[in-house]
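So you can see what is in the structure, the chains are spelled out below.
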Amino acid sequence: MENLLKSELKTSVLKLLACSRGGYICQGQAYETDRGRVFVKSSTKPQARTMFEGEMASLTAIQQTNSIRVPQPIKVMDLPGGGAAFAMEYLKMKSLNKYSAKLGEQIADLHLYNKKNGEKLRKEEQTIGVGQTEPYYVDKFGFYVVTCCGYITQVNDWQNDWPTFFIRHRLQAQMDLIERDYGDREARQLWEQLKPKIPEMFCDLEIIPALIHGDLWSGNVAEDDSGPIVFDPTCFYGHSEFELASAIMFGGFSSSFFSAYHSKIPKAPGFEKRNSLYKLFNYINHWNHFGTEFRGPSLNVMQRLLK
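No experiment lies behind these values; they were computed from the predicted model shown.

Novice: Sorry, what's going on with the overall build of the protein chain here?
Specialist: Counting its regular elements, the protein chain contains nine helices and 11 strands. Taking 307 residues into account, the globule formula puts the C-alpha radius of gyration at 19 Å, and the protein chain, at 20 Å, falls close to it. Considered along the principal axes of its C-alpha atoms, the protein chain spans approximately 60 × 60 × 35 Å. Counting every position in the protein chain, which comprises 307 residues, the buried fraction comes to 50%. Taking all contacts inside the protein chain whose residues are at least 6 apart in sequence as the whole, residues at least 24 apart take part in 63%. When the accessible surface of the protein chain is summed, it comes to about 15,100 Å², and 48% of that surface belongs to carbon and sulfur atoms.

Okay, structure coming up:
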């Protein structure tokens, strides 16, 4: 690893620092280099390169909005024995505390970025002038590359409407894995009943594609002395409400976070039911990652949504 990093990062200095961070999927180490400190994630999983390339594209996309701070991505590298590594800027982070409300504001800014670009574009189309720069606006749901939620790859093929994208590329994809690995008859029957009812939850709701972090839970947010930081994203253009389900489910976010967020993006009618639907994705994803302890919560949510 040391020789690989020296070569790929073009550094003569590579000093391992004491701080490290390991998780369920990846290991992480911090190094001192000629150009400052870097943090390197590595994984030997077969899909590691896909996972890290998706994360790099996600960090870049968030960075381009100038809405919230993320580590500067540097490079994805293949490991000699299989797997991959991903080098990024090292940030000295601590648990979110002082900047909880600021994080809520900045996540809302992230979600509103594409919508505001669309509004600017419409205004510029109505005026005649010289030297105008056309804002970049995304009018579909999806993302430019495959990403991973945990170690599960996610297809992000562009779709014209949100329910189609969410059903096909999120819920159905997860349920296909449940069917493959468990053949769970009750889950299959509940899903067959729920699936055709999902579009009804979005009637009379205008959904403008929002760039979302994709895995916003307390383990992927932090702060330093200058403000909030988010990391480990799995971005796509989707419904902004999707982002809040994991934040609500897994805790770690104060009421000031949600108050600040909703001051910029108020709850739309039907929010609570859709929030349950988005929680369903997280429960099934956890079932696929961690096993049958998440079977009960997954089935319970489907049963409630069918009432």
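Novice: What is the right way to look at helix H1 (residues 2-9) in this model?
Specialist: Among the residues of H1, Leu4, Leu5 and Leu9 are the ones counted as buried. Looking straight down H1, one finds that the buried residues subtend no more than 105° of arc, so they occupy a single side. Exposed positions of H1 whose direction lies more than 90 degrees from the buried face are Asn3 and Ser7. Two residues or fewer past H1, Lys10 is found with a positive phi of approximately 50°.

Novice: Please clarify how empty space enclosed by the protein should be interpreted in this entry.
Specialist: One water molecule sets the probe size; rolling that probe over the atoms shows where empty space is left. For the structure shown, the criterion picks out one cavity of 30 Å³ or more. A volume near 50 Å³ is recorded for the largest cavity. Lining of the largest cavity is provided by Gly214, Asp215, Leu216, Phe242, Glu243, Ser246, Phe281 and Asn282. Elements supplying a minimum of two residues to the lining of the largest cavity: helix H6 (240-250) and helix H8 (271-290).

Novice: Explain the layout of surface pockets here, please?
Specialist: Estimates place the volume of the second largest pocket at around 410 Å³. Lining the second largest pocket are 21 residues, with Lys115, Glu206, His239, Ser240 and Ile265 sitting closest to its centre. Tallied by class, the residues present in the lining of the second largest pocket amount to 12 nonpolar, four polar and five charged.

Calculation criteria
Residues numbered from 1 in each chain as written. Predicted model: local features only at pLDDT ≥ 70, side-chain atom pairs only at ≥ 80, totals over all residues. Heavy atoms only, no water. Helix = DSSP H or I, 4+ residues; strand = E, 2+ residues; numbered from the N terminus. Rg over C-alpha atoms; globule rule 2.2 N^0.38 Å. Buried < 20%, exposed > 50% of the residue type's maximum accessible area, 1.4 Å probe, protein only. Contact = heavy atoms within 4.5 Å. Areas by Shrake-Rupley, 256 points an atom, 1.4 Å probe, with all protein chains shown as cover. Arc of directions from axis to C-beta. 1 Å grid on protein atoms, 1.4 Å probe; cavity = no way out; pocket = protein on both sides within 12 Å on 5 of 7 lines; lining within 4 Å. Points joined across faces, edges and corners; volume = space filled by probe spheres on them. Nonpolar A, V, L, I, M, F, W, Y, C, P; charged D, E, K, R; others polar.

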